[in-house]
Structure formats: structure tokens, C-alpha cells
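Coordinate inspection notes
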Amino acid sequence: MEVYGPILEHANINIPEVHFRLEAARNYEEFDKKLYAGYYDLAMPNPYQTVRAFKSGYRVFAKMGDDEEFRGIILVRKDGGIREVTDLRGKRVVYPAESALAATMMPQYFLHTHGIDVNFDIENRYVGSQESSILNVLRGHADAAATWPLPWKTFSIENPEMASQLEVKWQTAPLLNNGWVARRDVPRNIVDKFKMQLFNLNETAEGKHMLGRLPISRFEPASNETYLPVLNFLAIFSNNVREIEW
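The structure presented is a predicted model; accordingly, all values stated were derived computationally and were not measured.

**Examining the packing of helix α5 (residues 130-138) against helix α6 (residues 149-158)**
- Where α5 contacts α6, the two axes come as close as 10 Å, and the packing angle between them is 60 degrees. Where α5 crosses over α6, the two elements pack in a sense that is right-handed. Two secondary-structure elements touch here, α5 through Gln130, Glu131, Ile134, Leu135 and Leu138 and α6 through Pro151, Trp152 and Phe155.
- Its residues assigned to classes, the contact of α5 with α6 shows six nonpolar, one polar and one charged.

What follows is the structure, encoded as C-alpha cells:
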């Protein structure tokens with residue numbers, strides 16, 4: 001969350017008529033409850049949470065760029081003996097949360113399309129965060145861990161020796177990156193000013209530094225319609241892998 005603080009401070013300086021305050025959730029479950037209850041004025045949920053937030057009175061006004069980075073990855077220990085996808089049968093696989101799209105649903109769909117029945121062939125565990133997922137496979141508590149590239153890159157930079165014990169064994173196809181949503185009662189002029197602050201970050205050295213810490217290259221315009229491919233994926237996933245609310 002320390003990455004987003006400077007972005008909000010930047011907005012506070014340039015939009016003085018309002019004050020933006022960062023609020024972090026302890027885990028996915030707490031964030032989901034608050035988002036779907038309409039608690040947040042603005043939020044940056046994952047694409048699954050983004051489309052579910054439509055029912056809670058939110059609309060999309062922007063998104064993270066670099067969609068090619070929004071994909072699931074499956075990590076294994078280099079000495080763990082996992083070579084083929086089918087080697088995971090009877091093994092334990094960990095994920096951040098059931099509601100994580102890139103880090104849970106997309107890897108589960110990948111396993112499904114590569115011969116694994118995720119409901120019967122493997123033991124699934126949801127451990128609360130991206131870092132917990134990575135640490136579980138690192139410490140041998142799981143045979144594989146699902147996450148997505150951004151937290152893996154951050155972990156690798158901050159913990160190079162530990163990261164060197166793991167490898168990205170498989171990765172999924174990409175989908176749309178995280179969305180920015182605004183509750184419908186937030187004044188549109190405030191949302192417009194805020195999104196322009198986001199879009200202009202890649203035009204200054206300070207802004208590029210903020211983006212680099214995420215790390216992404218830009219934020220970009222988006223609307224509810226932008227996320228139709230996510231709805232299509234969720235329909236396929238729910239019908240073929242495990243039933244989800246969407």
C-alpha cells in the first residue's frame with residue numbers, strides 16, 4: 001500500500017477541493033465485503049471484483065495499463081520434482097484467495113485445460129495474500145503456488161536469494177488489468193480530475209517513478225464495456241471449472 005500513498009498525495013496537491021485518504025484492507029475477504037457494500041468512494045479492484053462491483057453502484061473510469069502483465073503464473077521449487085502439469089495430481093496448490101482472478105481463477109483454468117480436475121485431482125488452499133502464496137511453496141508447505149507477475153517481481157527484487165529457489169513453471173494467457181472504479185454518487189468532475197492525475201503520471205519523472213514501483217508503465221481510460229472480455233471468461237470458468245458468483 002505504500003506504493004499508492006504517493007499517488008494519492010499527488011492527487012491531494014492537485015485537487016485541493018477534496019481530500020483523498022488511502023485505506024488498506026487486511027485481506028481479500030475484508031476488501032470484498034467493503035467494496036460490495038459500497039464503502040469505498042474510489043477503488044482499484046481486480047477485474048473480477050471490478051465487474052462484480054457494478055451491482056454495488058460502481059462504474060469503471062480507468063484501469064491499469066500493461067494488460068500483457070495481467071496473467072497467472074504458477075511457481076514451483078526448483079528442487080520440488082514438478083516437471084509436467086500432471087505431476088500436480090495429488091499435490092497441494094496454494095492461491096491468494098478464491099476471488100483473485102489472475103492469481104487463482106486463471107491458473108485454475110490453465111490447470112483445467114491441461115488435464116487437471118481442480119476439484120478432485122489436487123488440494124486447493126487459499127492463504128490470504130500474494131506473498132503468502134509465494135512463501136508457502138518456498139517453505140515446502142505446498143507443491144505449487146499461484147500468483148501473478150507484479151507481486152512476483154516485487155518479491156524477487158526484495159528477496160533475491162529466496163526467489164532464486166523458485167521458478168515460474170507455467171503462465172496463463174493474459175486478460176484485462178485491474179480497474180479503477182468510482183461509486184456513482186461521487187461527483188463526476190472529481191472523478192474526471194482524479195483520472196487525469198492518473199493518466200498524466202507517465203509524463204513526469206516523479207510520476208514515472210511512482211508507476212515504476214507498481215510496476216506498470218501507465219494508467220489508461222476504461223469503462224464498464226471495457227471489461228466485457230472478463231465477463232466472458234468468468235462465464236466459461238464458472239461453467240467448466242468451479243461455480244462462482246459473477
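**Focus: the pairing of strand β6 (residues 144-147)**
- Covered by surrounding structure in β6 are Ala144 and Ala146 together with Ala145 and Thr147, the residues of both alternating faces.
- Two elements, strand β3 (residues 73-77) and β6, share three bridges in a ladder whose sense is antiparallel. Following the sheet pairing, Leu75 is matched in β6 by Ala145.

**Let's talk about the sheet that holds strand β5 (residues 123-126)**
- Spatial strand order, β5-β4-β6-β3-β7: five strands in an open sheet with mixed pairing. Every other strand in the sheet has two partners, leaving β5 and β7 (166-171) as the edge strands with one partner each. Ignoring which end each strand starts from, the neighbouring axes of this sheet average 30 degrees apart.
- Both strand β4 (residues 92-95) and β5 contribute to a ladder of four bridges, which runs parallel. When the bridges of β5 are listed, Val94 appears paired with Arg125.
- The strands touched by α5 are β3, β4, β6 and β7; relative to β6, the strand with the most contacts, the crossing angle is about 160 degrees.
- Relative to β3, α6 is tilted by about 40 degrees, and along the sheet it contacts β3, β6 and β7.

**Regarding helix α2 (residues 28-36)**
- Of the positions making up α2, those classed as buried are Tyr28, Glu30, Phe31, Asp32 and Leu35.
- Structurally, α2 contributes buried residues whose contacts are with β1 (42-43), α3 (47-52), β2 (58-64), α5 and β8 (179-183).
- Where α2 begins, the capping side chain belongs to Asn27, and its oxygen is found 3.2 Å from the backbone nitrogen of Glu29.
- Two residues or fewer after α2 comes Gly38, characterised by a positive phi angle close to 75 degrees.

The rules behind the values
- Residues numbered from 1 in each chain as written.
- Predicted model: local features only at pLDDT ≥ 70, side-chain atom pairs only at ≥ 80, totals over all residues.
- Heavy atoms only, no water.
- Axes fitted to C-alpha atoms, helices over the stretch in contact; angles between N-to-C directions.
- Helix = DSSP H or I, 4+ residues; strand = E, 2+ residues; numbered from the N terminus.
- Left-handed = near helix turned anticlockwise from the far one by under 90°.
- Contact = heavy atoms within 4.5 Å.
- Nonpolar A, V, L, I, M, F, W, Y, C, P; charged D, E, K, R; others polar.
- Buried < 20%, exposed > 50% of the residue type's maximum accessible area, 1.4 Å probe, protein only.
- Pairing = 2+ DSSP bridges.
- Polar contact = N/O pair within 3.5 Å; in protein donor to acceptor, adjacent residues only side chain to side chain.

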